[in-house]
Amino acid sequence: YNTIKEKGDMGKKVLIATVYGPDPVLLAATRLGPDRMILLIDKETNKEQDASVKLIQNSLGKVIDIKIVKTDVYDIVDIAKKVVEIIDLEPNDNQIFVNITSGRKTKAIGVLFAAYARHDRVKKIAYNTEEKKEVIYLPKLSFKLTESQKSILEEIDKNPGMSITDISKKVDLSTAMLYRAIGDLEDMDFVNKEDGYTLTSAGRIARL
């Protein structure tokens, strides 16, 4: 993490982190020096997770504003949706950092997809290696959807089971362009065409 504010970065540093054991979060906070931390814990916590949160709050709560948010553990779409909502609530000039080291892999994947859905708002995505305590920065990918593809996903989301004919009535595209756009969405696994077009989990996340 770069602890020096870059020119033009006047907002606060916000760290969104998954939590199970306390060490990855404490290391991330030490390296970054955030003004606020948003800790993602499970809806049904266990003793270890509760103890980790308490330790982090006792260690850093006096100097850093810490907020706890409960999310699902296994529903990747729901996790991504919740984190997108968190990001969208942050003022535009805040610098958002994401750390996905601690906790279940499904939780980390959901948070990672949320960062992709809001790649323009997230400054860095980090993972700490256990062995060397090194910070690995993950690429900030994005879903790169065209406006036409967004419109198609939106219509399918509103009316699952649509046919190509149904979609063509709703979206202002030539038949050739529509087939190409739908084909690309299928290749990206955003839509499924069994029994009419429906959104996959990935498609629902890409729409966030």
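Just above sits the structure.
The following refers to the structure shown. Worth saying up front: this structure is predicted, and the values here are computed from it rather than measured.

## Concerning the packing of helix 3 (residues 76-89) against helix 4 (residues 105-117)
At step 1: It is at 8 Å that the axes of helix 3 and helix 4 come closest, and there the two elements cross at 45°. Relative to helix 4, the element helix 3 lies oblique. Between helix 3 and helix 4 lies a crossing of right-handed hand. Contacts between helix 3 and helix 4 involve Ile-76, Ile-79, Ala-80, Val-83, Val-84 and Ile-87 on the former and, on the latter, Thr-106, Lys-107, Ile-109, Gly-110, Val-111, Phe-113, Ala-114 and Ala-117.
At step 2: Across the contact of helix 3 with helix 4, the residue classes break down as 11 nonpolar, two polar and one charged.

## So, the pattern of salt bridges
At step 1: All chains considered together, the criterion is met by eight salt bridges.
At step 2: The salt bridge involving Arg-36 is made with Asp-65; its shortest N-O contact spans 3.4 Å. Highlighted residues: Arg-36 in strand 2 (residues 36-42) and Asp-65 in strand 3 (residues 65-71), separated in sequence by 29 residues.
At step 3: Residues Lys-150 and Glu-147 are paired through a salt bridge, measuring 3.3 Å at the closest nitrogen-oxygen approach. On the criterion of helical spacing, the pair formed by Lys-150 and Glu-147 is a turn pair, its members being three residues apart in helix 5 (residues 147-158).
At step 4: Connected through shared salt-bridge partners, Arg-36, Asp-65 and Glu-90 make up one network.

## Considering helix 1 (residues 23-32)
At step 1: Within the span of helix 1, buried status applies to Pro-24, Val-25, Leu-27, Ala-28, Ala-29 and Leu-32.
At step 2: Taken together, the buried residues of helix 1 touch strand 1 (13-18), strand 2, helix 2 (47-60), strand 4 (95-99) and strand 5 (122-128).
At step 3: Positive backbone phi, approximately 65°, marks Gly-33, located one or two places after helix 1.

## Observations regarding the packing of aromatic side chains
At step 1: Inspection of every chain in the model, using the stated rule, returns three aromatic pairs.
At step 2: An angle of 50° between the planes, with centres 6.1 Å apart, marks the rings of Phe-113 and Tyr-116 as tilted. A residue pair is termed a helical-turn pair when its members lie 3 or 4 positions apart in one helix, as Phe-113 and Tyr-116 do in helix 4 at three residues.
At step 3: Judged by centre distance (6.4 Å) and plane angle (80°), the rings of Tyr-116 and Phe-143 are edge-to-face. Separated by 27 residues along the polypeptide, Tyr-116 in helix 4 and Phe-143 in the loop between strand 6 (135-138) and helix 5 bring together distant segments of the chain.
At step 4: Each member of the aromatic cluster is reached from another via a ring pair, and the members are Phe-113, Tyr-116, Phe-143 and Phe-190.

Rules of the game
- Residues numbered from 1 in each chain as written.
- Predicted model: local features only at pLDDT ≥ 70, side-chain atom pairs only at ≥ 80, totals over all residues.
- Heavy atoms only, no water.
- Axes fitted to C-alpha atoms, helices over the stretch in contact; angles between N-to-C directions.
- Helix = DSSP H or I, 4+ residues; strand = E, 2+ residues; numbered from the N terminus.
- Parallel < 35°, antiparallel > 145°, perpendicular 65-115°, else oblique.
- Left-handed = near helix turned anticlockwise from the far one by under 90°.
- Contact = heavy atoms within 4.5 Å.
- Nonpolar A, V, L, I, M, F, W, Y, C, P; charged D, E, K, R; others polar.
- Salt bridge = Lys/Arg side-chain N within 4 Å of Asp/Glu carboxyl O.
- Buried < 20%, exposed > 50% of the residue type's maximum accessible area, 1.4 Å probe, protein only.
- Phe/Tyr/Trp six-rings, centres within 6.5 Å; stacked < 30°, edge-to-face > 60°.

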